[in-house]
Amino acid sequence: MNAVLRHRLLWPAVILAALLLTNLAFTDHFFSIEMKDGHLYGSLIDIVRFGAPLILVALGMTLVIATGGIDLSVGSVVSISGALACLRISGMDDQNSVSGVVAAAGLALVLSLALGAWNGFLVAGVGIQPIIATLILMVAGRGLAQLITDGQIITVNSGPYKLIGGGYWLTLPFGIIIVLAVLALTAVLTRRLALGLLIESVGGNAEASRLAGIRSRGVIITVYTFAALCAGVAGLMISSNVSSADGNNAGLWIELDAILAVVIGGTSLAGGRFSLGGTVLGALIIQTLTTTIYSIGVPPETTLLFKALVVTVVCLLQSPAFREKAFHRRRRPVAAPPAAEEKVRVPA
Amino acid sequence: MTAPTPILRMSGISKEFPGVKALSGVDFRLLPGEVHALMGENGAGKSTLIKVLTGVHDIDAGEIELGGRKVAFADPSAAQQAGISTVYQEVNLCTNLSVAENIFIGREPRRLGRIQWGRMRRRAAELLARLELDIDVSAPLSSYSLAMQQMVAIARAVDISARVLILDEPTSSLDTGEVAQLFRVMRKLKEEGIAILFVSHFLDQVYEISDRMTILRNGRLVGEHLTSELGQVELVGKMIGRELADLEKLEGKPLARETETLVEAEDLGRAGAVEPFTLTIHEGEVVGLAGLLGSGRTEIARLLFGADHAGTGSLKIDGRPVSLRTPRAAMNHRIAFCSENRRAEGLIPDLTVRENLILALQAARGWSRPIPRRKQDELVEKYISVLKISPADPEQLIRNLSGGNQQKVMLARWLILEPRLLILDEPTRGIDVGAKAEIQRLVASLSDGGMAVLFISAELEEVLRLSHKIGVLRDRRLVAELDNDDDLTTDVLMETIASGARA
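Residues numbered from 1 in each chain as written. Chains lettered and ligands numbered in written order. Predicted model: local features only at pLDDT ≥ 70, side-chain atom pairs only at ≥ 80, totals over all residues. Heavy atoms only, no water.

## Re the overall build of chain B
Then comes step 1: The helix and strand tally for chain B stands at 18 helices and 22 strands.
Then comes step 2: For 503 residues, the compact-globule estimate of 2.2 N^0.38 gives 23 Å, and the C-alpha radius of gyration of chain B, at 24 Å, lies within 12% of that figure.
Then comes step 3: Projected onto its principal axes, the C-alpha coordinates of chain B cover approximately 70 × 50 × 50 Å.
Then comes step 4: Here chain B holds 503 residues, and 55% of them are scored as buried.
Then comes step 5: Within the structure as shown, chain B displays about 21300 Å² of accessible surface, and the carbon and sulfur contribution to it stands at 47%. (Helix = DSSP H or I, 4+ residues; strand = E, 2+ residues; numbered from the N terminus. Rg over C-alpha atoms; globule rule 2.2 N^0.38 Å. Buried < 20%, exposed > 50% of the residue type's maximum accessible area, 1.4 Å probe, protein only. Areas by Shrake-Rupley, 256 points an atom, 1.4 Å probe, with all protein chains shown as cover.)

Next up, the structure:
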């Protein structure tokens, strides 16, 4: 099993290494990490730090996709969570009050949980197709964020809040610590406990899972709620980093990057098997790509095109069918059934 | 009979899957105008041989000659163009499309790029008339029974100018009348000079229709024989590599016993599925359900397992009224259900044998109480050896196993829960004699151990051999409940099914 897993993550790892080496060729000391004022600094640290919100959102997305669903609303949840936290903090007499910031962040996360449960209810309870069910909150959620911020950009000036996205703890950026904690929590829930097996089973065959006694409805609601919680934390991080909440632009298109990260990480959009490690690699690849664009000096007007090209290549390299064709010229027909399974399947 | 030159010759075929040697050095030939049966147990390599032939898989070694020319098909459509059409065990059609569309999908009659719907429907109707099928070709395929869908699949295959027609388990979901109809069609096609490769687990059918047979065991060729020269007992011996004595041991009907009542269904029913029925199951009792396809057998099973909600009636377990609203609720009362539709309602294809096997137990424990890995390995190892699941590799993906072995894993999934009532819906369909006998023996020994079994099967002999009591269904109604005494024979059962009268 371990060997298979290693093999599965081989290509994402190779791609990430290639991107990092490209950076090294353009930037001196790209790999060097130094200690300043008790904090770690370096380009590698920056990549993880700036990539932290994406990793979080992508982790939640991985579980949703593994059940055969998809969550388009995470970007909106990011903005709602940040907006609510900033609104509460801006209304406090003492913005540096730790308890006040904790309460504000807690409230934002509770709202995120509720939004996730709503998605789960629409998908598992009402039976709406996931892409439609979460599209509702994707569109309406931006409106909700606007409503919370009253259409303005709320700025805050709070030391404790700044810590979440921009601060340091134990020499590391606090965001990285949060990511490590959430990653560890997810890994324990899904791999040490049996949640992972149940998720993969529901994603692999929903009806058979029901007949095996799995409460698939509960599993589905859980993953959507978890995805929203991850998005909520990411929202706090993003708004904390810039000390403001922008209902319009915070977390814009992050859902698409997250889906991309999941796919690059080797989890099938059809549901079933998932890989947390792959998703983290996928998110890091996307973040490194952004860094690379700056470091090798791609002209600003062509960055999107450049990114698109690289992502296309990455996805092709990730596809076993493509590698087979490109690297083994031997006649090897790609069996028809697997190709059909790659369609996005939406559970009833 | 002079032997014409073979239309198809396969020689030295080998094929390996990760961890499984599916075929090694198999020779096979097919003469025009014959029905050739491919025989072997589950996992003997029958399906693999067919898939290799039709280009689903490529071969590791060996060669294929069609009409004297060496061929290698890249995919099934290439094989089809060369004149090899296949109808698989599980119908591979689009049930949401109409019958006519299914027959002509991918090769619709066109003019100026536009599909000629009228012509398509006419040709489809003509084609089906040739097979003596009278159905509405513009109706969606899903409105017809699985049996009819199979016939449509055959019609499609026949129409694609087949020189070689492969029928993989075509009869496993057909009733007697439909089988007779299929055989009529097969004989007609044979007269037209088409070579038919036929795979079936029903020995009687093989002897009725085939001229010649090739026997495989464990991916190797055992031999090729004329059907008329090989007795059934010899055949089974060659297939399973041991004597048939095992199969006969179960003879002698089990005796009915007086035990505690376990499940009592009173007027339980569901509109459109099954009329209200009353049925009692005692501990340690095997209750058989007999009836034609679609007569409501599966529907009864689903109601007793909570897979569907009952519209009427009540259910008592241990004398206490219960309501089974979900499969989970039934599992809490230690009822287990092994569905007839393995692919749609049983397997999680992407998971391993181990994961599939422990799934129900894990579901019952909930996500927060994982089964320790050591315990998992013990359970899996135990059932792999008890049920002789092959390959005996717990980490193999279940979709790489043959049908019969997948079925055994499904059985094991429920057996580890130690249910009090085990509902088996067609547990022996599409699996070979050896495995069938094993499963039958298992049912008998489980019931001796006190487990109640609801046994559903289309094979009356099997129901009769195992059951203490048999419920007969007809047109979604439980028409009779017969004690399995010496007077009960398959003829009586058939009579009851046919007439609906109480014997």
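## Re the environment of B:Thr171
Then comes step 1: Relative to the helices and strands, B:Thr171 is located in the loop between β9 (164-168) and α6 (176-191).
Then comes step 2: Between the C-alpha atom of B:Thr171 and that of B:Leu182, which follows or precedes it by 11 residues, the distance is 8.3 Å.

## Notes on the pattern of salt bridges
Then comes step 1: Considering all chains together, one arrives at 28 salt bridges over all chains under this definition.
Then comes step 2: Put simply, B:Arg477 and B:Glu275 hold a salt bridge, and the shortest N to O gap is 3.9 Å. On the criterion of sequence distance, the pair formed by B:Arg477 in strand β22 (residues 477-483) and B:Glu275 in strand β14 (residues 274-282) is long-range, its members being 202 residues apart.
Then comes step 3: One salt bridge connects B:Arg302 with B:Glu345, and the closest N-O pair in it is separated by 3.4 Å. Pair noted here: B:Arg302 is in helix α10 (residues 297-304) and B:Glu345 is in helix α12 (residues 342-345), with a separation of 43 residues, a long-range link. Accessibility assignment for this pair places B:Arg302 and B:Glu345 in one class, buried.
Then comes step 4: Salt bridges linked by common partners bring A:Glu207, A:Arg210, B:Arg302, B:Asp308 and B:Glu345 together as one network. (Salt bridge = Lys/Arg side-chain N within 4 Å of Asp/Glu carboxyl O.)

## Some details on the domain arrangement of chain B
All names here are of chain B.
Then comes step 1: According to the domain assignment, chain B consists of domain 1 (8-242), domain 2 (260-334 + 419-503) and domain 3 (346-418).
Then comes step 2: Averaged C-alpha coordinates put domain 1 and domain 3 at centres separated by 31 Å.
Then comes step 3: Across the boundary between the two partners, domain 1 contributes 5 residues, which contact 5 residues of domain 3.
Then comes step 4: Here domain 1 packs against domain 3, burying approximately 360 Å² in sum over the two surfaces, 54% of which is carbon and sulfur.
Then comes step 5: Residue composition of the side of domain 1 that touches domain 3, grouped by class: 2 nonpolar, 3 polar and no charged. (Domains from an automatic or database assignment. Contact = heavy atoms within 4.5 Å. Buried area = accessible area lost by both parts, 1.4 Å probe. Nonpolar A, V, L, I, M, F, W, Y, C, P; charged D, E, K, R; others polar.)

## A look at the nonpolar core
Residue and element names in this part refer to chain B.
Then comes step 1: Judged by nonpolar contacts, the single largest core of 166 residues is most densely connected at Leu304 and Phe305.
Then comes step 2: The two domains that each donate at least three residues to this core are domain 2 (260-334 + 419-503) and domain 3 (346-418).
Then comes step 3: If we ignore the near neighbours within four places in the chain, the residues touching Leu304 are Val263, Ala265, Leu268, Ile281, Leu315, Leu324, Ala330, Ile335, Ile423 and Leu454.
Then comes step 4: Counting residues in hydrophobic clusters, the runner-up holds 52 residues, among them Val99, Ile103, Ala153 and Ala157. (Core = buried A, V, L, I, M, F, W, Y, C linked by side-chain atoms within 4.5 Å.)

## A short note on the sheet that holds β9(B)
Residues and elements named next belong to chain B.
Then comes step 1: With mixed pairing, the 6 strands of this open sheet are ordered in space as β6-β9-β10-β3-β11-β12. Two strands lie at the open edges of the sheet, namely β6 (84-87) and β12 (220-226), each paired on one side alone. The sheet shows a mean angle of 20° between the axes of neighbouring strands, taken without regard to direction.
Then comes step 2: Against the sheet, α6 engages β3 (35-39), β9 and β10 (195-199), with an angle of about 150° to β10. (Pairing = 2+ DSSP bridges. Axes fitted to C-alpha atoms, helices over the stretch in contact; angles between N-to-C directions.)

## Overview of a nonpolar patch on the surface
Residues and elements named next belong to chain A.
Then comes step 1: On the surface, Trp118, Phe121, Val126 and Ile136 cluster together into a nonpolar patch covering about 380 Å² of accessible area.
Then comes step 2: In terms of residue count, helix α5 (residues 98-126) provides more of the nonpolar patch than any other element does, 3 residues in total.
Then comes step 3: With respect to the element layout, Val126 can be found in helix α5.
Then comes step 4: By relative accessible area, which is 47% here, Val126 ends up partly exposed. (Patch = residues over 30% accessible without salt bridge, like charges linked within 9 Å, V, L, I, M, F, W, Y side chains within 5 Å.)

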